[in-house]
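# Coordinate analysis (summary)
The chain contents come next:
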Amino acid sequence: MNLFYGILGSAALALVFWVQFVGWSPTSVDQMPNAPKNIRNNPAAYRSFYAVGFRGK
Amino acid sequence: MLEIACPSCGDAVRFRSESSVYSTCASCQSLLVRHDVDIELLGKVADLQPDGTPIQIGTSGVFDGAAFEVLGRIQIHHPEGYWNEWFLQFQDGRHGWLGEAMGEYFVSSLVQTEPQSLPGFADLHVGKALRVGSRELVVTNLAQARVVSFQGELPFVMSTEYELPFADLRSAGRTGATLDYSEEEPLLFVGAFRDFDELQFRGLRDPEEEAERRSAADAKVLRCPNCGAPHELAGGPRTQTLVCTFCDAGIDLTDPNYGLLWKAQKARKEEPGIPLGTKGNLDGATWECLGFQRRFVRIEGVDYYWSEYVCYNRERGYRYLVESSGHWTWVAPMHKLPTASDGRPVHGWPPQDFLMLDGQKFKHFQSATGQVAYVVGEFPWRVKVEDSAGLHDYICPPQILSAEVTSDGMTWSLGRYLEPEEVWSAFGLSGNPPARSGVGANQPSPLAGMLRTAWMQYAVFFLVGFLMMIGFSILSAQAPVLTQDFVAVQGEEPSVVTRPFKLEGRTSNLVVRLQTTLDNRWAYFDMALINEETRQARIFSKSVSYYHGSSGGESWREGSKAEEVTVPSVPSGTYVLRLEPQTGTGNTPDNLSAKGSTAGQPVLKYGVRLTRDVPSWSYLWFVMVLLAIYPILVWIRYGSFEQKRWLESDHAPGDSSD
Ligand SMILES: [Zn+2]
Ligand SMILES: [Zn+2]
């Protein structure tokens, strides 16, 4: 019984548990407040701050 | 019980068994034969030779739950030394024999056989398999023995000039048999080997009393006939050969005149690392080192040497302590035979790839011809320098299964690896044991336990992780939230917003699946998940591309028409998703807002499907891959240790003869 490996493995599994529990994902997400209320009627009224110009493939 | 007066000396002679026809008078050693009530005096029997047996007439014991008493004894001499057949009377009236030689105990009884059903002595050879009843037995020893003397009551009597050709047979269990060719028809004795302790002997010979009697009887010191040096025999009467520790001459102790077997040895004198006469405690008994021999095998012109110590315990017999390149093995002779891959007791040669013993698999390690280079001390057999024997080793570390095969015998033994420190402490030796070099054939890998635990821990991690994910899979909602299709049209605003949807339950993820009709193009989706109450936006993106074609007659495809993106940790609430697609081919983005000739044409059809609270196994797989690194590293180190071990074997990696 390797204690260090045991602790490492337990920690790794705890991390997997936490990831599942809070629904974590590696997707990069930016949070922005104050999205306009009329967005459903006018989607173009809202542009995310970086969503301008060329974005390649 | 019948008690009569000895016609020779007048002392009382008892016949305890109805079937005893013969008895010897304990006082005057007259041999008496009983005819109903008359007693006939047949003369005196030859003297019994001292053979160090712990058993005597009157000793009682238990065999498989049946109590017995020893009534009589036949002492037999064969090339390996003395052996006794003790005549037993069981409490239930049955009779049997207890064969006792060199600390091995074999209880047997005569089995009635059909005439001509047993092979002749000349038809036997060592390794021949014979079927006896339901069991398969293998001939392990063939020899000519000679009856030395009798004692006590016997159901029959033989003349002491009697030659006794016999064969010993052993099986994969503790069953054994002896074929006795002293009469016209061979006699078959079938029985079982037992350990000394199992027979629960009582009334054994008192070793102290016996030692006193012996020292009184032959007070003369054994002097080497070559150099005159005095010797005391620690192995007692069981010692057959004494190699003088001063001049290396070999003395035959079975010869009353102590004839010389040889005067000098070719090899130079070697000092045993463990001094002869040293006593040690192993397996719960005390063993005395009596003899030492240096042996070698010649493989491809190179001689490999090792040392063997003969260790003796009066009740348990002999063990061998083997030392090779600083690696020690404690070897005990075996009563039973290992089984070959066909499940039959091992018989015949060449050696097998592996053998089984007690459910353990022993892999073939090496076969070679062993020779004796140098001997010194006491031996329970007649030593011949330059004796050679076929040696076959099979390993299951820390155990080693060895066979020593000559034309008239095959001996199997089981050895156990001892750490050098264990040997030094068992024999109370001072200083340090010789340094080990290389890996011993049966040296247990220090990494074997580590490897086993590492994989076991890994298996536990996997199981826990797997059950955890099963739990999440069962308990998570995996709720379809929304499905909506859109069409991006040339010249019109590309951004769209979905219908509002409700996300329920605790904070968890949201999987966004984008399904497109892309064909050799790409699309980039800028997305914002907007909470209708808090106006908080979660901004993320995903690109989708699908290309296909053919080059050099091979068709290829790259990417996919559909992609998924998981938005992490979204609290419950009412949301909308805003999507703003951008399309393109190669490095050029399409100008979707241009109102050219294609205005009003659909550019991209796509659908979005949202699912709430989706468990993902990929994190577990990722963690399991990382956690596998440690056991794999241990496994690699274990492998290199094993490689060093097998380098010394017949199966060295890269050896073409394998
Ligand atoms: Zn007498
Ligand atoms: Zn001598």
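Residues numbered from 1 in each chain as written. Chains lettered and ligands numbered in written order. Predicted model: local features only at pLDDT ≥ 70, side-chain atom pairs only at ≥ 80, totals over all residues. Heavy atoms only, no water.

### Overview of the overall build of chain A
On a plain count of helices and strands, chain A comes out with one helix and one strand. Here chain A holds 57 residues, and the buried ones make up 32% of them. A total accessible area of about 3700 Å² is found for chain A, and carbon and sulfur atoms account for 64% of it. (Helix = DSSP H or I, 4+ residues; strand = E, 2+ residues; numbered from the N terminus. Buried < 20%, exposed > 50% of the residue type's maximum accessible area, 1.4 Å probe, protein only. Areas by Shrake-Rupley, 256 points an atom, 1.4 Å probe, with all protein chains shown as cover.)

### Comments concerning the pattern of salt bridges
All names here are of chain B. With the rule as written, the count across this model stands at 20 salt bridges over all chains. E136 is the salt-bridge partner of R344, the closest N and O atoms lying 2.7 Å from each other. Of the two residues, R344 is situated in the loop between β25 (327-333) and β26 (354-357) and E136 in strand β12 (residues 135-152); the sequence distance between them amounts to 208 residues. One salt bridge in this structure joins R578 and E580, with 2.8 Å as the shortest N-O distance. Neither R578 nor E580 differs from the other in exposure class; each is buried. (Salt bridge = Lys/Arg side-chain N within 4 Å of Asp/Glu carboxyl O.)

### As for the interface of chain B and chain A
On the chain A side, the residues contacting the 54 residues of chain B number 43 residues. Across the interface of chain B and chain A, roughly 4300 Å² is buried in total on both sides, 61% from carbon and sulfur atoms. Of all residues in chain B, the largest losses of buried area upon contact with chain A belong to R535(B), I539(B) and Y619(B), amounting jointly to 17% of the total for that side. The tally of links from chain B across to chain A stands at zero salt bridges. Counting every contact that joins chain B to chain A gives 16 residue pairs in polar contact (both at pLDDT 80 or more). If you tally residues by element for the side of chain B that touches chain A, the top one is helix α3 (residues 446-475) of chain B, at ten residues. (Contact = heavy atoms within 4.5 Å. Buried area = accessible area lost by both parts, 1.4 Å probe. Polar contact = N/O pair within 3.5 Å; in protein donor to acceptor, adjacent residues only side chain to side chain.)

### Topic: a nonpolar patch on the surface
All names here are of chain B. A grouping of W455, F622, L626, I629, I632, L633, W635 and I636 is seen on the molecular surface, where their side chains present a nonpolar patch of about 840 Å² in accessible area. Contributions of two or more residues to the nonpolar patch are made by α4 (618-627) and α5 (629-647). Examining the composition of the nonpolar patch, we find that five residues originate from one element, α5, more than from any other. Position of W455 among the secondary structure elements: in helix α3. Looking at W455, the relative accessible area reads 34%, which means it is partly exposed. (Patch = residues over 30% accessible without salt bridge, like charges linked within 9 Å, V, L, I, M, F, W, Y side chains within 5 Å.)

### Observations concerning the coordination of the zinc ion (ligand 1)
At this site the zinc ion (ligand 1) is bound by C6(B) (SG), C9(B) (SG), C25(B) (SG) and C28(B) (SG), with donor distances of 2.2 to 2.3 Å. Classification of the site at the zinc ion (ligand 1) as tetrahedral follows from its four donor atoms and the range of 105 to 114° in their angles at the metal. (Donors = N, O, S within 2.8 Å, 3.2 Å for Na, K, Ca; no water. Tetrahedral: all angles 85-135°; square planar, octahedral: opposite > 155°, others 65-115°.)

### Observations concerning the coordination of the zinc ion (ligand 2)
Residue and element names in this part refer to chain B. Protein ligation of the zinc ion (ligand 2) involves C224 (SG), C227 (SG), C244 (SG) and C247 (SG), the donor distances falling in the range 2.2 to 2.3 Å. Considering all four donor atoms around the zinc ion (ligand 2), angles at the metal cover 107 to 112° and the coordination shape is tetrahedral. For the zinc ion (ligand 2), all donor residues lie on one chain, and their spacing in sequence is C-x2-C-x16-C-x2-C. Residue C224 is located in the loop between β16 (222-223) and β17 (230-231), and its partner C247 is located in the loop between β18 (241-243) and β19 (250-252); the two are separated by 23 residues in the primary sequence. In this structure C224 comes out as buried when scored by relative accessible area, which is 3%.

### Describing the sheet that holds strand β34 (residues 508-516) of chain B
All names here are of chain B. An order of β31-β41-β34-β38 is seen for the four strands of this open sheet, with the pairing classed as antiparallel. Every other strand in the sheet has two partners, leaving β31 (479-489) and β38 (562-570) as the edge strands with one partner each. Here the strands of the sheet are splayed against their neighbours by 20° on average, with no regard to which way each runs. (Pairing = 2+ DSSP bridges. Axes fitted to C-alpha atoms, helices over the stretch in contact; angles between N-to-C directions.)

### A short note on the confidence of the model for chain B
In the predicted model, chain B carries a mean pLDDT of 88, and 95% of its residues have values of at least 70. In the predicted assembly, ipTM is 0.86 and pTM is 0.74. (pLDDT = per-residue confidence, 0-100.)

### Section: the packing of aromatic side chains
Enumeration according to the criterion identifies 30 aromatic pairs over all chains in this entry. Ring geometry for Y5(A) versus Y630(B): centroids 4.5 Å apart, planes at 45°, classification tilted. One end of the pair, Y5(A), is in helix α1 (residues 3-22); the other, Y630(B), is in helix α5, on a second chain. The exposure class of Y5(A) is buried, given its relative accessible area of 2%. Here Y630(B) falls in the partly exposed class, since its relative accessible area comes to 21%. For the ring pair F17(A) and F21(A), a centre distance of 6.0 Å and an interplane angle of 10° mean the geometry is stacked. Linking F17(A) with F21(A), this pair stays in helix α1, spanning four residues, or about one helical turn. You can call F17(A) partly exposed: its relative accessible area is 40%. Exposure remark for F21(A): the relative accessible area of 40% places this residue in the partly exposed category. Here the aromatic residues F68(B), F90(B), Y105(B), F196(B) and F201(B) are joined through ring pairs into a cluster of three or more. (Phe/Tyr/Trp six-rings, centres within 6.5 Å; stacked < 30°, edge-to-face > 60°.)

### Brief notes about the sheet that holds strand β5 (residues 38-44) of chain B
Residues and elements named next belong to chain B. Spatial strand order, β3-β4-β5: three strands in an open sheet with antiparallel pairing. Because the sheet does not close on itself, it has two edges, and the strands there are β3 (22-24) and β5. The sheet shows a mean angle of 30° between the axes of neighbouring strands, direction not considered.

### What to know about the domain arrangement of chain B
Each assigned domain of chain B is listed here: domain 1 (46-199), domain 2 (220-426), domain 3 (448-474 + 620-646) and domain 4 (477-614). Using C-alpha coordinates to define each centre, domain 3 of chain B is positioned 40 Å away from domain 4 of chain B. (Domains from an automatic or database assignment.)

### A closer look at unusual backbone geometry
Residues and elements named next belong to chain B. Looking along the chain, the bond that leaves P397 and enters P398 is cis, with omega of 5°. For P398, the position within the fold is in the loop between β28 (388-396) and β29 (399-406). Phi at D64 is positive, roughly 45°, even though this residue is not glycine. Its place among the elements puts D64 in the loop between β6 (60-63) and β7 (66-78). Located in the positive-phi region is R535, a residue other than glycine, with phi close to 60°.

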